[in-house]
Amino acid sequence: MTTPDVTPPSFAPSRDVALQVDGLTVEFATDRGWTRVVDGVSFSVLRGETLAIVGESGSGKSVTSLACMGLLPRRSSRTPSGTAELDGVDLLSLPVRAMEDLRGDRIAMAFQEPMTSLNPAYTVGDQIAEVVRRHRDAARKEGWRRAVEVLDLVGIPRAAERVKSYPHEFSGGMRQRVMIAMAIACEPAVLIADELTTALDVTIQAQVLDVVRQMRDQLGMAVLFITHDLAVVADIADRVLVMYAGQEVETSAVDDLFARPAHPYTEGLLRSMPQSSTATAATATAVGTGRRRLDSIPGQPPVPGSMPAGCRFAPRCPYAVEACVDGVPELLQVRPEHFARCTRALELTLRGTR
Ligand SMILES: Nc1ncnc2c1ncn2[C@@H]1O[C@H](COP(=O)(O)OP(=O)(O)OP(=O)(O)O)[C@@H](O)[C@H]1O
Ligand SMILES: [Mg+2]
């Protein structure tokens, strides 16, 4: 048997890499001992690009990002292997205080629910100024000046006045902008957005995505955009990492992924993408505007701690053969910058949406 051509997906020139994750493995303490929920995930995010991580609920998207932010629960989790390098420093092995210094400064995060990062008891100006003061050693006045500046940057009208408002005085979409303003106040190298637009209606979602895009371009940030919504991926991402059951199963430039998926799981996700969640006209084009039957992927993902021995997707895969059940698939290179963890990736022709 010939050895498959296996090349790690982190092939980009190092000077452009903002965040480089290699072989990240995360385990949680459970009744049955340490249970692995993220298993050897590798990716890089380049300056000025958006990498989307997509996958069903429970696939390990948030845990991957929390590991990079040093926000996993300290007692009940561990990372037995892997590195996450930012500015030449491995975030996974940083002492708590050093990670606190980086968080909000070189790497920042915005969530689905703004009130997890905004304190209802303080004005948004106070909160943004505090972040700036902490990381930039700036005086209070300088912090306020920066707060007005970033609120204006993310499109809050009358920023000089609104800086004195409390979080509850903003609408949902505007609060999301405030949270982004706080995250980018120190111009981080990496912005992680976890389901940032999931709770928003389609119009506001498109506006918030625009803000993320503009900030990425103006500040040259690397954006790690986590979502379960492929329509959002089509709208915002340059490259995509598809996760399934704690592993990366496919990675590619966004256009190639939608046009020619190489993993049956990705094909399944594309086929189950509701047309109603299309965010913008650009997205509608990306996902195809013709009427298509929606096929959700039959079955459920495996539960951490009881993964199938061979390919983790095999029990749900319409293309599975005996070899898939027996052998553990490696990431195969299917095209120059396109990899899939499927033994049959090179022989299958799967259906995309473009
Ligand atoms: N603190 C924790 N303790 C134990 N298990 C956890 C903990 N946090 C997450 N998990 C488990 O890790 C796995 C991955 O969870 P994660 O939150 O990363 O999924 P996700 O891909 O972000 O899903 P969603 O789309 O629902 O946000 C799940 O099985 C989850 O139950
Ligand atoms: Mg999540």
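Provided above is the structure to which this section pertains.
An account of the accompanying structure is given in this report.

Where helix α3 (residues 124–136) meets helix α4 (residues 140–153), the closest approach of the two axes is 8 Å, and the angle between their N-to-C directions is 115°. By the angle class used here, α3 and α4 are roughly perpendicular. Here α3 and α4 pass one another in a crossing that is right-handed. For the pair α3 and α4, the contacting residues are V124, G125, D126, I128, A129 and V132 in the first and R140, G143, W144, R146, A147, V150 and L151 in the second. When the residues that make up the contact of α3 with α4 are grouped by side-chain class, the tally is 8 nonpolar, 2 polar and 3 charged.

Quick look at the site of ligand 1 now. For ligand 1, the set of nearby residues contains 13 residues, the closest of which are S57, G58, K61, S62 and V63. For ligand 1, an oxygen atom lies 3.2 Å from a polar atom in the backbone of S59. Interatomic distance of 2.9 Å between a side-chain N/O atom of S62 and an oxygen atom of ligand 1. The element contributing the most residues to the shell around ligand 1 is helix α1 (residues 61–69), with 3 residues.

Moving on, we get to the pattern of salt bridges. Per the stated rule, a full pass over the model turns up 24 salt bridges. Ionic pairing is found between R213 and D235, a salt bridge with its closest N-O pair at 3.8 Å. Placement of R213 in helix α7 (residues 202–219) and of D235 in helix α8 (residues 230–236) is noted, with a sequence separation of 22 residues between them. Each of the two residues, R213 as well as D235, counts as buried. D238 is paired through a salt bridge with R216; the nearest N and O atoms lie 3.5 Å apart. Here D238 is found in the loop between α8 and β9 (239–244), whereas its partner R216 is found in helix α7, with 22 residues between them in sequence. Under the relative-accessibility criterion, R216 is labelled buried at 8%.

Under the counting rule described, the total for this entry stands at 0 disulfides. There is no disulfide at C324, and the cysteine sulfur nearest it, in C342, is 6.1 Å away. Overall, C324 belongs to the buried group, its relative accessible area being 8%. Classification of C342 as buried rests on a relative accessible area of 8%.

On to the sheet that holds strand β5 (residues 89–90). Pairing is antiparallel in the open sheet, where 4 strands are placed in the order β2-β1-β4-β5. Two strands lie at the open edges of the sheet, namely β2 (33–46) and β5, each paired on one side alone. Where strand β1 (residues 17–30) lies against β2, 11 bridges are found, and the strand directions are antiparallel. Across the sheet, E27 pairs through a bridge with R36, a residue of β2. Sheet strands touched by α1: β1, β2 and β4 (77–86). Its angle to β1, the strand with the most contacts, is close to 110°.

Moving on, we come to α1. Of all 9 residues in α1, 7 are buried; the element is thus mostly enclosed. When α1 is considered as a whole, its buried residues turn out to be K61, V63, T64, S65, A67, C68 and M69. Residue G70 follows α1 closely and has a positive phi angle near 65°.

Turning our eyes to something else, we now look at the environment of A110. Relative to the helices and strands, A110 resides in strand β6 (residues 107–111). Leaving out residues up to four positions away in the same chain, A110 has contacts with M179, I192, A193, D194 and L196.

What counts as what
Residues numbered from 1 in each chain as written. Chains lettered and ligands numbered in written order. Predicted model: local features only at pLDDT ≥ 70, side-chain atom pairs only at ≥ 80, totals over all residues. Heavy atoms only, no water. Axes fitted to C-alpha atoms, helices over the stretch in contact; angles between N-to-C directions. Helix = DSSP H or I, 4+ residues; strand = E, 2+ residues; numbered from the N terminus. Parallel < 35°, antiparallel > 145°, perpendicular 65-115°, else oblique. Left-handed = near helix turned anticlockwise from the far one by under 90°. Contact = heavy atoms within 4.5 Å. Nonpolar A, V, L, I, M, F, W, Y, C, P; charged D, E, K, R; others polar. Near = heavy atom within 4 Å. Polar contact = N/O pair within 3.5 Å; in protein donor to acceptor, adjacent residues only side chain to side chain. Salt bridge = Lys/Arg side-chain N within 4 Å of Asp/Glu carboxyl O. Buried < 20%, exposed > 50% of the residue type's maximum accessible area, 1.4 Å probe, protein only. Disulfide = S-S within 2.5 Å. Pairing = 2+ DSSP bridges.

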